[in-house]
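Chain by chain, the residues run as shown.
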Amino acid sequence: MDGVIAPRSRFVPPHPPRGPGPVPVWRGFFGERARTSVYGWSRQAFELPYMRRNVLGFRVHIPLEPELVQHVLLDNAANYLKPDIVKKLLAPVIGRGLLSSDGQLWRDQRRIVAANFAPAAVDALVPVFAAAARDAAARWSAGTRDMAVAATATTMRIIADALFAGDRRLTDEAPMRHIAAALEGFGEARIQAMLGLKVMPWSPRGWRARKGQIFLRETLTQVVRERLPDGGPDDFLGRLIRALGDKFEDADALALAVDNAATFYLAGHETTANALTWALFLLSEQPALQEEAAAEARAALAAGADDAELPDRLPLLRRILEETLRLYPSAPRFDRQAAAPDRLGEHEVQPGDIVSIWPWILHRHRALWDDPDAFDPGRFAEGGRERHRFQYIPFGAGQRTCVGARFATIEALTILAEWLAGWSFAPVPGHEVRTHGMVTLRPAGGLPLRLEPRGSSFFRPIS
Ligand code: HEM
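For clarity, every value in this text was computed on a predicted model and none was experimentally measured.

Colleague: Can you help me understand the site of the ligand in this one?
Modeller: Near the ligand, the surroundings consist of 26 residues, among which K82, W106, R110, R336 and C402 are the closest. R110 places a polar side-chain atom, nitrogen or oxygen, 2.6 Å from an oxygen atom of the ligand. In the model, an oxygen atom of the ligand is placed 2.8 Å from a nitrogen or oxygen of the R400 side chain. Mapped by element, the contributors of at least two residues to the shell around the ligand are α4 (103-114), α12 (250-267), α13 (270-284), β5 (334-338) and α17 (405-422). When the residues that make up the shell around the ligand are grouped by side-chain class, the tally is 15 nonpolar, 7 polar and 4 charged.

Colleague: How should the coordination of the iron atom of the ligand be read in this particular structure?
Modeller: For a metal with four donors in a tetrahedral arrangement, the ideal angle between donors is 109.5 degrees, while six donors in an octahedron ideally sit at 90 or 180 degrees. Within the protein, just one atom coordinates the iron atom of the ligand: C402 (SG), at a distance of 2.3 Å. Tracing the backbone through its elements, the reader meets C402 in the loop between α16 (359-362) and α17.

Colleague: Mind showing me how you'd approach α17 here?
Modeller: What sets the pattern is the α-helix's 3.6 residues per turn: residues three or four places apart point alike. Look at α17: 26 Å from first C-alpha to last across 18 residues, which is about the 26 Å you get at 1.5 Å a residue. Of all 18 residues in α17, 17 are buried, a share of seventy percent or more.

Colleague: Got a minute to help me understand the environment of I415 in this structure?
Modeller: Considering the arrangement of structural elements, one finds I415 in helix α17. Between the C-alpha atom of I415 and that of T154, which follows or precedes it by 261 residues, the distance is 8.7 Å. When near neighbours in sequence (up to four residues on either side) are disregarded, I415 contacts F129, A133, T154, T155, I158 and L276.

Colleague: I'm lost on the side chain of T155 in this one. Help?
Modeller: Looking at the element boundaries, T155 is found in helix α7 (residues 147-163). Within polar-contact distance, the side chain of T155 engages the backbone oxygen of T152 at 3.3 Å. For T155, the side chain forms a polar contact with the main-chain oxygen of H269, separated by 3.1 Å. If sequence neighbours within four positions are ignored, T155 has contacts with H269, T272, A273, L276, E411 and I415.

Colleague: Mind showing me how you'd approach the pattern of salt bridges here?
Modeller: Opposite charge on two side chains allows them to pair when their charged atoms are near. For the structure shown, the criterion picks out 28 salt bridges. One salt bridge connects D123 with R406, and the closest N-O pair in it is separated by 2.9 Å. Highlighted residues: D123 in helix α5 (residues 119-123) and R406 in helix α17, separated in sequence by 283 residues. Take D123: its relative accessible area is 17%, and that puts it in the buried class. Here R313 ties to D307 by a salt bridge, and the two come within 3.2 Å at their closest N and O atoms. Here the salt bridges do not stand alone but share partners, grouping D135, R157, D161 and R168 into one network.

Colleague: So what exactly am I meant to see when it comes to the sheet that holds strand β12 (residues 448-453) here?
Modeller: Neighbouring strands of a sheet are bound in pairs by backbone hydrogen bonds; such pairs are parallel or else antiparallel. Ordered by their spatial adjacency, 3 strands build an open sheet running β4-β12-β9, and the pairing between neighbours is antiparallel. Taken across any chain shown, the strands that pair with only one partner, and hence form the sheet edges, are β4 (143-146) and β9 (423-427). Geometrically, the sheet is characterised by an average inter-axis angle of 40° between neighbouring strands, direction not taken into account. Note that β9 and β12 share 5 bridges and pair antiparallel. Residue pairing for β12: A426 is matched across the bridge by R450. In the packing of α13 onto the sheet, contacts are made with β9 and β12, and the angle to β9 comes to roughly 75°.

Colleague: I keep staring at the confidence of the model for the protein and nothing clicks. Help me out?
Modeller: Reading predicted coordinates in detail is not appropriate for stretches of low pLDDT. When the pLDDT values of the protein are averaged, the result is 90; 91% of them are 70 or greater. Confidence drops under a pLDDT of 50 for residues 456-463, and excluding neighbours within four residues, the segment shows 11 contacts in the predicted structure.

Colleague: Just checking my understanding: could you explain the packing of aromatic side chains for this structure?
Modeller: In this description, an aromatic ring pair is defined by two values, namely the gap between the centres and the angle between the planes. For the coordinates displayed, the defined rule picks out 17 aromatic pairs. Residues W41 and W358 carry aromatic rings whose centres are separated by 5.0 Å and whose planes lie at 75° to one another, so their mutual orientation is edge-to-face. Taken as a pair, W41 in the loop between α1 (31-35) and β1 (50-55) and W358 in the loop between β8 (354-357) and α16 lie far apart in primary sequence, 317 residues in all. An angle of 55° between the planes, with centres 6.0 Å apart, marks the rings of F117 and F407 as tilted. One end of the pair, F117, is in the loop between α4 and α5; the other, F407, is in helix α17, and 290 residues separate them in sequence. For the pair F117 and F407, one class covers both residues: buried. Feature note: the residues F117, F129, F164, F236, F264, Y265 and F407 constitute an aromatic cluster, connected by ring pairs. Residue placement shows R18 over the ring face of F46; its charged tip is 4.1 Å from the ring centre.

Criteria and thresholds
- Residues numbered from 1 in each chain as written.
- Predicted model: local features only at pLDDT ≥ 70, side-chain atom pairs only at ≥ 80, totals over all residues.
- Heavy atoms only, no water.
- Near = heavy atom within 4 Å.
- Polar contact = N/O pair within 3.5 Å; in protein donor to acceptor, adjacent residues only side chain to side chain.
- Helix = DSSP H or I, 4+ residues; strand = E, 2+ residues; numbered from the N terminus.
- Nonpolar A, V, L, I, M, F, W, Y, C, P; charged D, E, K, R; others polar.
- Donors = N, O, S within 2.8 Å, 3.2 Å for Na, K, Ca; no water.
- Expected span 1.5 Å × (residues − 1).
- Buried < 20%, exposed > 50% of the residue type's maximum accessible area, 1.4 Å probe, protein only.
- Contact = heavy atoms within 4.5 Å.
- Salt bridge = Lys/Arg side-chain N within 4 Å of Asp/Glu carboxyl O.
- Pairing = 2+ DSSP bridges.
- Axes fitted to C-alpha atoms, helices over the stretch in contact; angles between N-to-C directions.
- pLDDT = per-residue confidence, 0-100.
- Phe/Tyr/Trp six-rings, centres within 6.5 Å; stacked < 30°, edge-to-face > 60°.
- Lys NZ or Arg CZ within 6 Å of the ring centre and 35° of its normal.

Written out as structure tokens, the structure reads:
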């Protein structure tokens, strides 16, 4: 099956409009640019090797040559820490957990969680991913359905099942609403933090975000407290609580357990949900490719629905997922702050400068990709144009690379296979899909699609 993709016409999915020249910095604080991180870039941004901005007293470097990105994320990674401002913004929800810590504290936490995300541990979760996908689809009927909501509910259940012993407090409609609100309020909080102000709600959106943060933090604190003193069952949370207890003083161990519970709960489902949503959108626009992917999924499932090798039998779907994450990286941008003076090629970096890494721009850069805005999973087939390791970084790169990258990939492939095998997805006429989101990238207002069951000819033996 690998390498076989039916010829089809060029398809350029939507992206925000691009003007010819640079957009003034102040525009980033108003309107759509303040709400959607990938909005407002000029055409030039996708052609230059490097950009620099001065944003409210911060010097912001934006390296767009893979070698420069490699320098920041790998070669001199010790000099580039998570920015103070990002830590301040994230602290109310994820404290000093893995995503928002540096140095020895980061190393200790990374070591503690690493075993849970080792390849064998993740591959063993295929049945968990498949069960959640099947349960979701069992409730569908022909007609229109918001697939962004379906994807979020499914990945939320998976993270609860895989890491938190299926705790139902983490899978209700309430956390879904509060998480969406917390992410929506990020733009407003970011502006306050950059202005050096106390971060506090200004608007109804800000208040909803604050309420969402408090809800999440309180729920996860309760979930962790109930497991004390010994962590309870031998699952992710239990192992985390015990390992932190062995390493840190009681108060610190408890705080870090809650920080990491929140980190993994949030980082572990919203990102994958967005990847699934965009993949379904792209496939809904490309019916011939969708049929091929569905055929591949049926064959793969028929050979063993719940076995760890299932993802290996989905080479076309894997390329579709890779191309989805190129065009719509769930984390379109992430930042570092320089600790000591350095150089980015010919550009001088001073301590305190921000270095912004932009998968969104790197993944669509004209110097790095052929026809960068077109959807073409074939570019990930063997024999395609050679790539630099740091030009395609949906999961980041270097030592801080996403610890859940394999989890997310296997999860997304399993869910897509289950859903495509049983259902077809078509666009809703008249519905316009637009990119949205300050932290993660999703379609504005969800993704309504028209669903049809693929018919009773689909038969899969129960394994
Ligand atoms: C498609 C899905 C996902 C995408 C696109 C994604 C993307 C990323 C990126 C870009 C980073 C690096 C950020 C930086 O360097 O500043 C990251 C880090 C991280 N991700 Fe993911 N992620 C995904 C799924 C997951 C899942 C499923 C989990 C957990 C179950 C997870 C947990 C984390 C954690 C804890 C970190 C911080 C790692 C560290 O700093 O050591 N992510 N992710």
